[in-house]
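Coordinate inspection notes
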Amino acid sequence: MARMTWTITPEPYDSPAAAALWRAYYTEVSDRWYLLHEGHRTDPAELEREIAARTGCELAPPAGQLLIGRYDGEPGGSAGIRLLDADTAELTRVFVYGHLRGKGGAPLLVAAAEAAARALGAHRLILDTRSDLVEARALYARLGYTETGPHNDDQYAEHWFRKELAVN
C-alpha cells in the first residue's frame, strides 16, 4: 500500500480549495467559541456574514501568502502569512480538517509558512490564539514559539506567540 503524504503549495486566497478550508476553519472556531460561552452554535446568518467579510486578501502576494496542504492530493489544511512590517509577519489561518489531524500536516504547514515569511524578508513570526484552542497552543509551543504579551487588541485573542526565524 502506498504511503499517504502531504504536499504544501502556495494558492490564491480565493481559490475553491482555500474558500472551503476557510469556511471549515471559521465554522469550527466560531462554533467552538459559541458553544463554550453561550451554549449554542454560531447563528447561520452571522457565520455567512463573517466568512464573506474576511476574504483573506491580505494573504495575497506581494505581502502575503496562503499555503494549502494536500493529503494524498486532496486539500486538507491551510496556513497563511502576511507582512506587518519589514521584519515581522503574522501567522494565521493554520487549520487541518479534523479527519486529517494527527497525520503530520500542521507542523508541515507551519514550517512552510515560516519559509514563506523568510522569503518575504521577515525575521520573526507572530500570532494570536484563544485559550480554548489548546491544541493550537500546544502545537506552537512544540514548534518553538514563545508566548509573549499582547501585540494586538483583537477581542478574541487571549494568547500571543512569536518566533524568531533563522536566516538561511
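Look a little higher up for the structure.
Anyway, here's the lowdown on the structure attached to this text. (Residues numbered from 1 in each chain as written. Predicted model: local features only at pLDDT ≥ 70, side-chain atom pairs only at ≥ 80, totals over all residues. Heavy atoms only, no water.)

1. Side note on the environment of Lys103
Operational definition: Each helix is a run of H or I in the DSSP string that is no shorter than four residues. Each strand is a run of E no shorter than two, and both are numbered from the N terminus. By definition in these notes, contact holds between two residues if any of their heavy atoms fall within 4.5 Å.
Structurally, the position occupied by Lys103 is in the loop between β4 (88-96) and α3 (105-119). C-alpha separation for the pair Lys103 and Thr5, spaced 98 residues apart in sequence, amounts to 8.8 Å. Setting aside anything within four residues of it in sequence, one finds Lys103 in contact with Trp6 and Tyr71.

2. Description of the packing of aromatic side chains
Basically, it comes down to this: Paired rings are identified among Phe, Tyr and Trp, the last through its six-membered ring, by centres lying within 6.5 Å, and are further divided according to the angle between planes into stacked (under 30 degrees), edge-to-face (over 60) and tilted (the rest). Exposure classes here rest on a 1.4 Å probe applied to the protein chains alone. A residue is buried below 20% of its type maximum, exposed above 50%, and partly exposed in between.
Taken as a whole and judged by the stated rule, the model has nine aromatic pairs. When the ring of Tyr140 is compared with that of Phe161, the centres are 5.9 Å apart and the planes differ by 55°; the resulting orientation is tilted. Residue Tyr140 is located in helix α4 (residues 134-142), and its partner Phe161 is located in strand β7 (residues 159-164); the two are separated by 21 residues in the primary sequence. Both residues of the pair, Tyr140 and Phe161, belong to the buried class.

3. Here's the deal with the side chain of Ser30
Its place among the elements puts Ser30 in helix α1 (residues 16-38). Setting aside its immediate chain neighbours within four residues, Ser30 contacts Thr42 and Leu47.

4. Some thoughts on the nonpolar core
As a reminder, the rule being used: To qualify as a nonpolar core, a set must consist of buried Ala, Val, Leu, Ile, Met, Phe, Trp, Tyr and Cys residues joined through side-chain atoms within 4.5 Å.
One finds Leu91, Leu125, Tyr140 and Tyr145 to be the most contacted residues of the largest nonpolar core, which totals 27 residues. Take this core: its biggest share by element is six residues, from α3. When near neighbours in sequence (up to four residues on either side) are disregarded, Tyr140 contacts Leu91, Val94, Val110, Leu127, Tyr145 and Phe161. Counting seven residues, the second-largest nonpolar core is a separate cluster that includes Leu21, Leu59, Leu66 and Phe95.

5. Observations concerning the pattern of salt bridges
As a working rule, side chains carrying opposite charge can pair if their charged atoms are close by. Counted only if it meets this: In what follows, salt bridge is the name for a side-chain nitrogen of Lys or Arg lying within 4 Å of a carboxyl oxygen of Asp or Glu.
A full pass over the atoms with the stated rule returns 12 salt bridges. Residues Arg23 and Glu48 are paired through a salt bridge, measuring 2.8 Å at the closest nitrogen-oxygen approach. Here the residue Arg23 occupies a position in helix α1, and Glu48 occupies one in helix α2 (residues 44-53), the gap between them amounting to 25 residues. Residue classification places Glu48 among the partly exposed residues on the basis of a relative accessible area of 38%. Between Glu114 and Lys163 there is a salt bridge, with its nearest N and O atoms 3.1 Å apart. Taken together, the residues span a long stretch of sequence, with Glu114 in helix α3 and Lys163 in strand β7 at a distance of 49 residues. Looking at Glu114, the relative accessible area reads 9%, which means it is buried. Because the salt bridges share partners, they merge into one network encompassing Arg32, Arg130, Asp132 and Glu135.

6. Things to note about the sheet that holds β7
To be explicit about the condition: Pairs of strands are assigned from DSSP output, requiring at least two bridges between the strands. Angles shown run from 0 to 180 degrees and are taken between the N-to-C directions of axes, each axis being a line fitted to C-alpha atoms and, for helices, limited to the stretch in contact.
One open sheet accounts for seven strands, arranged β1-β2-β3-β4-β5-β7-β6; its pairing is mixed. The sheet terminates laterally at β1 (6-10) and β6 (146-148), the two strands that pair on one side only. Taking the axes of each pair of neighbouring strands and ignoring which way they run, one obtains an average angle of 30° across the sheet. In terms of strand pairing, strand β2 (residues 64-71) meets strand β3 (residues 74-83) through eight bridges, oriented antiparallel. When the sheet's bridge partners are listed, Leu66 is paired in β3 with Gly80.

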